[in-house]
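# Chain and residue survey
The lines below spell out each chain.
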Amino acid sequence: MTDFTIALAGNPNAGKSTVFNALTGSRQYVGNWPGKTVEKKEGNFKYNGFNIKVVDLPGTYSLSAYSLEEQIARDFIVKEKPALVVNVADAANLERNLYLTMQILETGTPTVVVLNMMDMAGHRGFQIDTQKMSEGLGGIPVISAIASRNQGLDELRQIIADFVQAKQEAQPAGGIL
Amino acid sequence: MLQQILLEIEKAQGPLDLNNLARKLGIERSALEGMIQFWVRKGRLKDSELETELNCDTSDSTACGGSCPGPQNCSFVMTMPRTYSLASYDSE
Amino acid sequence: MTAAGIVFNHPIYVEYSREIETEIERLCVAIEQLPELIAIYSPRWLAIQLLEHDEVLLAEVKAVSGGASVIDALEGSLTRLEERYGEDVDIILADYRYSFVNSLVRNVLTRPAVQPVNISDKIDKVVTHRLLGIPIFLTLMWIVFKVTTDIATPYLDWVDAVIGGPITHWTVGLLGMLSLTGTWIESLFVDGIIAGVGGVMVFVPVLMSLYLALAVLEDSGYMARAAFVMDRVMQKVGLHGKSFLPMVVGFGCSVPGLYATRTLENERDRILTGLLVPFMSCGARLPVYVLFAAIFFPQQTGLVVFSLYLLGIVTAIGLGIILRGTLFKEGDTTPFLIELPPYRWPHLKTIWFYVWERTSTFIRNAWTIILAASIVVWFLMATPANGAGAFADTEVDDSAFGMVSGAVAPIFAPLGFGNWENSGALITGFVAKEVVISTAALVYNVQDVEVETRPTTFFEDVVEIGVGFVRATVDTIKSVPLIIGINLFEGEGEPDPTNLMAAIQVNFEATSGGHGALAALAFMVFVLLYTPCMVTIAAERQELGVKWMWFSIFGQFAVAWAVAFIVFQGGLLLALG
């Protein structure tokens, strides 16, 4: 049984798949988006007694529906209304990736930003102040991560669990989304 | 921000390199590419890669030693850098 | 909605200008009237998408009952905003988002005080430098031709020996077994096909090394910089800034160079550049230079070849300036953005692919166009035109080929090479530049002494081929230090001139009144500048139209003649040669 659905969104090559695999392990299934030839990956994981379904959205640079992938990602966020969007962003190309983040935030969906590939950003000598960034984005959680080395993912799991917990408490009657 | 890209290209005396433009405007190179794609979609910049592909004529097979005369398939064609030019200069 | 003090969806939005926010609010009011819409969409989000002219959502809103009221409101908003900004609203909205992100990044991301300059940037600083860029380009070109000629020359002799030796022996032997010795068929094979096609095949090693050098420059990312540097020059002199891109392609072959002019937006610019591309020296012209330079300038082959390539560029730019001032006055210099790929070590596989593809295309041409041209030329040479002699047994002067070429020859007299052999080679050269070689091989072969038929066995021949190849490789390796090293202009001893080379030398000395080297230079210049090949003409017709195709054919001929005239007569005046 699925208690909550969360969506993974991000630019192509931002490391979304790595995060997806790390979260769901072997519990994933691959299909197609209804009526589309684009691959749809879903998976599950349990945390603190919650069953959480993860949907991996196609990698896109924007949500402006210029392409099939963008259309799919946008429709899912706006119409299927996942409880939470996990926005995986490439820290080494922050400016390009944050454009999508702004569009996701504009939909009004609760969002967590995972700043992935912090090692690459470090190699370029970039220092990113995640605290400041969180403030700049209105206080949403910003996690720094190196998904390929499994860094920052525990923090992500914890934040998802906290969120789900809070959501459960806010809506004691229901809980299924 | 977006407008500045077009202005800088217009101002440039000669070809302008993408890296230089990114540095000049203080925009990350990959973000600049995204903005350029925005203008390409709006039809204000012309992307050389899209242009030549559209024009490749595969009907004539005599040219260039029997392979497609189009710029993509002739074995003598070189991989040329991608260019973007202002669409407003497209007269005639 | 907080957990452990974390906010998840604080309504942080990009804040647009007051005018836009007013219109968003206005649209929100209209959207909130329609329960069907607010069941799915957040009004603010939908309002923004509609302002951005999102086709999908527009259609959805129109389909909803009462949607017309939203569309009405939207049209009002769009009109007001477009009036205010004089720009499409989606541009304004995207711009706000980009600016928001840009300032956010400036706030949270600290770049190192000293930007770590990567190697690519460092190289570019020098290579695309305003002043140094051009000398570097020229130096690299010079190295390319030096390497090309030095590496390839030993193999050239080897291939020549193989074709002139074993292959000829075997063919003669085979025809002998079929008891065709002494017939016109033997003459067709030996004097026509082997001499013609073989004469061109000899240059396969040269072309392979040219393609190799170009592929290295191309795959490493340098060629893009060369185009960038030269395009700056083009723009300075009033030509289109993208003209040099197709010209660089023209170094490989004029035909794709012509097609590459399609990246120019303006038709006038396209035609002007299309007229200039054929002046870029393509690969097929290289064998002519190599052959003639080896005869007349054996010590400076690389330098001669480089100068010809340079002359092609200079002529193209000079003519471009003249045409821009006369026939092509209108037209702006279009500014553009160029994406220079990062430098990289050339991939062996890619290089091999380029070299193989291009060389095999050249060989395929040799077996089709050149074979056909050789047979036609042999046939015309074997056909008596004025009643003297019989088929395949006639003096060349009396043959159809000799008559026609001889009639044209006076045109070339002021250039120092006005005899029927050379004019015949140049006429057939309209088909392709390799044909200049095959025809020359044919016409000069006629005067050759009988091929000495030293009896050899098949085994001896095979050993000879193998030994020759090893010797050529050793010679090439020996030539490497010469390329990078000290005596760049001095080859180590001249290779034995072949019969063909000797015949050409004698001939040019005769037509030029003892100034063979000057005449040969004029000949190479002529070959560089006149129409490259039939396929180029076809491409010109397709890309430029019939009118400009003829303009190009006659124009190139006139330019070739004039420049060759200047070279020969000017050289005489200055008492060079």
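Residues numbered from 1 in each chain as written. Chains lettered and ligands numbered in written order. Predicted model: local features only at pLDDT ≥ 70, side-chain atom pairs only at ≥ 80, totals over all residues. Heavy atoms only, no water.

## What to know about the packing of aromatic side chains
Under the criterion given, the structure shown has 30 aromatic pairs over all chains. Here F38(B) and W39(B) contribute two aromatic rings whose centre-to-centre distance is 5.7 Å and whose plane-to-plane angle is 75°, an arrangement assigned as edge-to-face. No difference in accessibility class separates F38(B) from W39(B), as the two residues are buried. Three or more aromatic residues link up through ring pairs in this structure, and these residues are F292(C), F296(C), F412(C), F417(C), F430(C), F508(C), F523(C), F526(C), Y530(C) and F557(C). Stacked on the ring of Y530(C), the Lys or Arg K433(C) has its end atom at 4.0 Å from the ring centre. (Phe/Tyr/Trp six-rings, centres within 6.5 Å; stacked < 30°, edge-to-face > 60°. Buried < 20%, exposed > 50% of the residue type's maximum accessible area, 1.4 Å probe, protein only. Lys NZ or Arg CZ within 6 Å of the ring centre and 35° of its normal.)

## Some points on empty space enclosed by the protein
All names here are of chain C. Tallied over the full model, the rule gives five cavities of 30 Å³ or more. Considered as a void within the structure, the largest cavity measures approximately 260 Å³ in volume. Taken together, 23 residues form the lining of the largest cavity, with C253, A284, N365, E434 and C533 sitting closest to its centre. A total of four residues in the lining of the largest cavity trace back to one element, the largest contributor, which is helix α17 (residues 348-382). Looking at the lining of the largest cavity, its residues break down into 15 nonpolar, six polar and two charged. Here the second largest cavity is characterised by a volume of approximately 60 Å³. Lining the second largest cavity, in full, are M141, V144, F145, L210, L214, L217, M223, F251 and Y309. Among the elements of the structure, α8 (133-177) and α10 (204-220) are those that each provide at least two residues to the lining of the second largest cavity. Each residue belonging to the lining of the second largest cavity can be placed in one class, and the counts come to nine nonpolar, no polar and no charged. (1 Å grid on protein atoms, 1.4 Å probe; cavity = no way out; pocket = protein on both sides within 12 Å on 5 of 7 lines; lining within 4 Å. Points joined across faces, edges and corners; volume = space filled by probe spheres on them. Helix = DSSP H or I, 4+ residues; strand = E, 2+ residues; numbered from the N terminus. Nonpolar A, V, L, I, M, F, W, Y, C, P; charged D, E, K, R; others polar.)

## What to know about the interface of chain A and chain C
Taken together, the contact pairs 40 residues of chain A with 39 residues of chain C. On the chain A side of the interface with chain C, the three residues burying the most area are Y99(A), M102(A) and E106(A), jointly 21% of the side's total. Applying the counting rule to chain A against chain C returns three salt bridges. Residues E106(A) and R97(C) are paired through a salt bridge, measuring 3.1 Å at the closest nitrogen-oxygen approach. Linking chain A with chain C are nine residue pairs in polar contact (both at pLDDT 80 or more), by the criterion used here. For the side of chain A that touches chain C, the elements supplying multiple residues, two or more each, are α2 (68-80), α3 (94-106), β6 (111-116), β7 (127-128), α5 (130-136) and α6 (153-170) of chain A. Looking at the side of chain A that touches chain C, the element that brings in the most residues is α3(A), giving eight residues. Partitioned by chemical class, the residues of the side of chain A that touches chain C number 19 nonpolar, 12 polar and nine charged. Where β7(A) lies against strand β3 (residues 109-110) of chain C, two bridges are found, and the strand directions are antiparallel. By the bridge assignment, I128(A) is partnered in β3(C) with L109(C). (Contact = heavy atoms within 4.5 Å. Buried area = accessible area lost by both parts, 1.4 Å probe. Salt bridge = Lys/Arg side-chain N within 4 Å of Asp/Glu carboxyl O. Polar contact = N/O pair within 3.5 Å; in protein donor to acceptor, adjacent residues only side chain to side chain. Pairing = 2+ DSSP bridges.)

## Comments concerning the packing of helix α15 (residues 286-296) of chain C against helix α23 (residues 516-529) of chain C
Residues and elements named next belong to chain C. With their axes 10 Å apart at the nearest point, α15 and α23 run at an angle of 175° to one another. In terms of orientation, α15 and α23 fall into the roughly antiparallel class. Here α15 contributes V288, Y289, F292, A293 and F296 to the contact with α23, which in turn contributes G516, A517, A520, F523, M524, V527 and L528. Its residues assigned to classes, the contact of α15 with α23 shows 11 nonpolar, one polar and no charged. (Axes fitted to C-alpha atoms, helices over the stretch in contact; angles between N-to-C directions. Parallel < 35°, antiparallel > 145°, perpendicular 65-115°, else oblique.)

## Quick notes on the sheet that holds strand β1 (residues 16-17) of chain B
Spatial strand order, β1(B)-β4(C)-β3(B)-β2(B): four strands in an open sheet with mixed pairing. One side of each edge strand has no neighbouring strand; the edge strands of this open sheet are β1 and β2 (45-47) of chain B. Bridging between β1(B) and strand β4 (residues 336-339) of chain C involves two bridges; their strand directions are parallel. Directly across from D17(B), in β4(C), lies its bridge partner I338(C). Strands β1, β2 and β3 (82-86) of chain B together with β4 of chain C of the sheet are contacted by helix α1 (residues 2-11) of chain B, whose axis makes an angle of about 95° with β3(B).

## Concerning the pairing of strand β3 (residues 39-47) of chain A
Residue and element names in this part refer to chain A. For strand β2 (residues 28-32) and β3, the ladder comprises five bridges, and the chain directions are antiparallel. Within β3, the position partnered with N32 by the bridge is E39. Between the antiparallel neighbours β2 and β3 lie six residues, among them G35 with a positive phi of about 75°. When β3 meets strand β4 (residues 50-56), the two strands line up antiparallel, connected through seven bridges. Within the sheet, the bridge partner assigned to F45 lies in β4 and is I52.

## Some thoughts on the pattern of salt bridges
All names here are of chain C. Evaluation of the coordinates by the stated rule reveals 28 salt bridges over all chains. Here D219 ties to R344 by a salt bridge, and the two come within 2.4 Å at their closest N and O atoms. Taken as a pair, D219 in helix α10 and R344 in the loop between β4 and α17 lie far apart in primary sequence, 125 residues in all. Under the relative-accessibility criterion, D219 is labelled buried at 7%. When its relative accessible area of 38% is taken as the criterion, R344 is described as partly exposed.

## A word on the interface of chain C and chain B
Chain C puts 54 residues into the contact, and the matching count from chain B is 56 residues. Between the two partners, chain C and chain B, sit six salt bridges. In this structure, K42(B) engages D90(C) in a salt bridge whose closest nitrogen and oxygen atoms are separated by 3.0 Å. Across the chain C-chain B interface, the total number found is 16 residue pairs in polar contact (both at pLDDT 80 or more). Among the elements that take part in the side of chain C that touches chain B, helix α6 (residues 89-108) of chain C stands out by supplying eight residues, more than any other. The class makeup of the residues in the side of chain C that touches chain B is 23 nonpolar, 11 polar and 20 charged. Bridge count between β3(B) and β4(C): four bridges; the pairing is antiparallel. Of the residues in β4(C), the one forming a bridge with Y84(B) is L337(C).

## Focus on the sheet that holds strand β8 (residues 142-144) of chain A
Residue and element names in this part refer to chain A. Ordered by their spatial adjacency, seven strands build an open sheet running β2-β3-β4-β1-β5-β6-β8, and the pairing between neighbours is mixed. Edge positions in the open sheet fall to β2 and β8, since each of these has one partner strand only. The sheet shows a mean angle of 25° between the axes of neighbouring strands, taken without regard to direction. With three bridges connecting them, β6 and β8 associate as parallel partners.

## Topic: the packing of helix α4 (residues 55-63) of chain C against helix α5 (residues 67-85) of chain C
All names here are of chain C. One can describe the packing of α4 onto α5 by two numbers: an axis separation of 6 Å at closest approach and a directional angle of 135°. With respect to α5, the axis of α4 lies oblique. Taken together, the residues of α5 that come into contact with α4 (itself represented by L58, V61 and K62) are G67, V70, I71 and L74. Residue composition of the contact of α4 with α5, grouped by class: five nonpolar, one polar and one charged.

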